[in-house]
Amino acid sequence: MLSIQNVSKHFDGITAIKDVSFKVEKEEIVGLVGPNGAGKSTLLNVVSGVYLPSSGSIIFDGTDITDKSPDKVCKLGIAKTFQLVHSFPELTALQNVTVGALFGSSEKINMKEARDKAEENLEYVGYPVDKINYPVKNLNIVELKRIQLARALATDPKLLLLDEVTTGLNPKESNDAVSLIQKIRESGITILMVEHVMRVIMNLSDRIVVLHHGEKIAEGTPEEIAKDEKVISSYLGRKTYI
Ligand SMILES: Nc1ncnc2c1ncn2[C@@H]1O[C@H](COP(=O)(O)OP(=O)(O)O)[C@@H](O)[C@H]1O
Ligand SMILES: [Mg+2]
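These remarks concern the structure in this document. (Residues numbered from 1 in each chain as written. Chains lettered and ligands numbered in written order. Predicted model: local features only at pLDDT ≥ 70, side-chain atom pairs only at ≥ 80, totals over all residues. Heavy atoms only, no water.)

### Focus: the site of ligand 1
Surrounding ligand 1, one finds F11, I14, A16, P35, N36, G37, A38, G39, K40, S41, T42 and Y51. Within the contact set of ligand 1, an oxygen atom lies 2.7 Å away from a backbone nitrogen or oxygen of G37. Note that an oxygen atom of ligand 1 is positioned 3.0 Å from one of the backbone N or O atoms of G39. Contact with the protein chains removes 65% of the 560 Å² of surface that ligand 1 exposes when unbound. For the shell around ligand 1, the elements supplying multiple residues, two or more each, are β2 (14–24) and α1 (40–47). (Near = heavy atom within 4 Å. Polar contact = N/O pair within 3.5 Å; in protein donor to acceptor, adjacent residues only side chain to side chain. Areas by Shrake-Rupley, 256 points an atom, 1.4 Å probe, with all protein chains shown as cover. Helix = DSSP H or I, 4+ residues; strand = E, 2+ residues; numbered from the N terminus.)

This is how it looks when you write it as structure tokens:
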């Protein structure tokens, strides 16, 4: 479904990603891990069109999306949540998700349909129904993360890019997020996710790609990654993760 081919990204002087290649198959959950500054968020931003790669190419569902803008990439079926929660602070929860439904999908829909779709998606991600008309600036982190996810889902993605969705959540909230991600995958959506909490990534991922200083140092099943010497010395340490 997604093929990342020899992608590099430089920011004046800094090499954030260096010659990274890997694939994501349909209906897989692929975890992207690595220490802070490894280039994980940059890679998701390159895939979603936020950044143009310095070199390499990205093929999605047979289409070369390397040079495409974020709105075009989204319409082709890739939605992304941001590591920092980006929302329109003065708009309500419902309005925030309606924006996704109206502008993110390739389908043409009217305002009423967009609002219904937004409501449906907010319910799906477990957002409290009595708060759909609250301005998002009054909401807590769990609620904001749910809104983000609902907004991404309202664009009808085939591939969902998740950047640290469980960061800042307590263990119960984080378990809820894991169940929700499983439910999303079972609905037929493919997922590429960046995550720091190893328990989450080990439980959810079919495959894991490890980045270190912008380079891919390993790729494999959670079991393979947990015993990979390079990964242990540069990232995991000696603890057992499964
Ligand atoms: N917009 C940017 N401008 C300059 N440097 C950036 C920018 N975005 C990321 N970087 C740099 O790229 C490297 C990788 O960052 P990032 O992708 O955010 O890592 P991660 O998400 O793995 O923590 C870091 O050195 C970071 O400072
Ligand atoms: Mg990041």
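### Points about the packing of helix α4 (residues 111–124) against helix α5 (residues 141–153)
Contact geometry of α4 with α5 gives a least axis separation of 9 Å together with a crossing angle of 130 degrees. Between α4 and α5, the interaxial angle falls into the category oblique. The interaxial crossing formed by α4 with α5 has right-handed handedness. Counted together, N121, L122 and Y124 of α4 and I147, A150 and L153 of α5 form the full contact between these two elements. (Axes fitted to C-alpha atoms, helices over the stretch in contact; angles between N-to-C directions. Parallel < 35°, antiparallel > 145°, perpendicular 65-115°, else oblique. Left-handed = near helix turned anticlockwise from the far one by under 90°. Contact = heavy atoms within 4.5 Å.)

### Section: unusual backbone geometry
Unlike most non-glycine residues, N6 shows phi in positive territory, near 50 degrees. By the secondary structure assignment, N6 is in strand β1 (residues 2–11).

### Regarding the sheet that holds strand β3 (residues 29–33)
Taken in spatial order, the 6 strands of this open sheet run β6-β7-β8-β3-β9-β10, and their pairing is mixed. Unpaired on one side and paired on the other, β6 (78–80) and β10 (215–220) mark the two borders of the sheet. Strand-to-strand twist of the sheet, defined as the mean angle between neighbouring strand axes without regard to direction, takes the value 15 degrees. When strand β9 (residues 207–212) meets β10, the two strands line up antiparallel, connected through 5 bridges. Counted as the bridge partner of H212 is E215 from β10. (Pairing = 2+ DSSP bridges.)

### Here we look at the packing of aromatic side chains
As enumerated under the stated definition, the model contains 1 aromatic pair in all. On the numbers, 5.1 Å between centres and 75 degrees between planes, the contact of F11 with Y51 is edge-to-face. Within this pair, whereas F11 is found in strand β1, its partner Y51 is found in the loop between α1 and β4 (55–60), the two being separated by 40 residues in sequence. (Phe/Tyr/Trp six-rings, centres within 6.5 Å; stacked < 30°, edge-to-face > 60°.)

### Topic: the pairing of β9
The element β9 is extensively covered by neighbouring structure, given that 5 of its 6 residues are classed as buried. Inspection of the sheet shows β3 paired to β9 by 4 bridges, in the parallel sense. Opposite V33, over in β9, you have V210 as the bridge partner. Here β9 hands over to β10 after 2 residues, with H213 in that stretch at a positive phi of 50 degrees. (Buried < 20%, exposed > 50% of the residue type's maximum accessible area, 1.4 Å probe, protein only.)

### Topic: the pattern of salt bridges
Inspection of the entire model under this criterion finds 11 salt bridges. For K158, the salt bridge is made with D61, and the minimal N-O distance between the two is 3.1 Å. Taken together, the positions of K158 in the loop between α5 and β7 (159–163) and D61 in the loop between β4 and β5 (63–64) put the pair 97 residues apart, joining distant regions of the chain. Look at K158 and you get partly exposed, because its relative accessible area is 38%. Across the salt bridge formed by D206 and R185, the nearest N and O atoms sit 2.8 Å from each other. Of this pair, D206 sits in the loop between α7 (198–204) and β9 while R185 sits in helix α6 (residues 171–186), and the two are 21 residues apart along the sequence. On the basis of relative accessibility, which here comes to 31%, the residue D206 falls in the partly exposed class. (Salt bridge = Lys/Arg side-chain N within 4 Å of Asp/Glu carboxyl O.)

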